[in-house]
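The residues making up each chain are set out below.
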Amino acid sequence: MSEKHISKLVNGEVALTPETAVRLEMALGVPAKFWNSLEAIYREKNVKAEAENAMDADAEMAK
């Protein structure tokens, strides 16, 4: 895994794949399940934030 990819991963520019989680487990000793869980939480929060922003935009247009 390149430094560039790790940087993009840390900055949320690329998704953490199950394969990447396994690589992190092998390199850092932290279970892949942990990394996959963090990714799932991150994605869920992003979806919720986008939905809230869309609702805010709709409410603003309704005024």
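Residues numbered from 1 in each chain as written. Predicted model: local features only at pLDDT ≥ 70, side-chain atom pairs only at ≥ 80, totals over all residues. Heavy atoms only, no water.

Caption draft 1: Spatial organisation of the packing of aromatic side chains. All told, the structure shown has one aromatic pair when counted by the stated rule. Here the aromatic rings of phenylalanine 34 and tryptophan 35 are separated by 5.2 Å at their centres, their planes lie at 75 degrees, and the arrangement is edge-to-face. A residue is classified by how much of its surface remains accessible, and phenylalanine 34, at 42% relative accessible area, is partly exposed. (Phe/Tyr/Trp six-rings, centres within 6.5 Å; stacked < 30°, edge-to-face > 60°. Buried < 20%, exposed > 50% of the residue type's maximum accessible area, 1.4 Å probe, protein only.)

Caption draft 2: Representation of helix α2 (residues 18-28) within the structure. Taken together, the buried positions of α2 are occupied by Thr20, Ala21 and Leu24. The buried residues of α2 occupy an angular sector of 105 degrees when the element is viewed end-on, so they sit on one face. Structural note: α2 exposes Pro18, Glu19 and Met26 on the side pointing more than 90 degrees away from its buried face. In the stretch just after α2, glycine 29 is the one whose phi turns positive, near 80 degrees. (Helix = DSSP H or I, 4+ residues; strand = E, 2+ residues; numbered from the N terminus. Arc of directions from axis to C-beta.)

Caption draft 3: Inspection of the nonpolar core at higher detail. Listed in full, the six residues of the largest apolar core are Leu9, Leu16, Ala21, Leu24, Ala32 and Trp35. Discounting residues that sit within four places of it in the chain, leucine 24 has contacts with Leu9, Leu16, Gly29, Val30 and Trp35. (Core = buried A, V, L, I, M, F, W, Y, C linked by side-chain atoms within 4.5 Å. Contact = heavy atoms within 4.5 Å.)

Caption draft 4: A look at the pattern of salt bridges. Across all of its chains, the model carries two salt bridges by this definition. In this structure, the salt-bridge partner of glutamate 39 is arginine 43, at a minimum N-O distance of 2.9 Å. Residue glutamate 39 and its partner arginine 43 are located together in helix α3 (residues 32-62), separated by four residues, close to a single helical turn. In this structure glutamate 39 comes out as buried when scored by relative accessible area, which is 13%. By relative accessible area, which is 45% here, arginine 43 ends up partly exposed. Salt-bridge contacts for glutamate 44 lead to lysine 48; the nearest nitrogen and oxygen are separated by 3.0 Å. With glutamate 44 and lysine 48 both in helix α3, this residue pair falls four residues apart, about one helical turn. Classification of glutamate 44 by relative accessible area gives partly exposed; the value is 44%. The class of lysine 48 is partly exposed, set by a relative accessible area of 47%. (Salt bridge = Lys/Arg side-chain N within 4 Å of Asp/Glu carboxyl O.)

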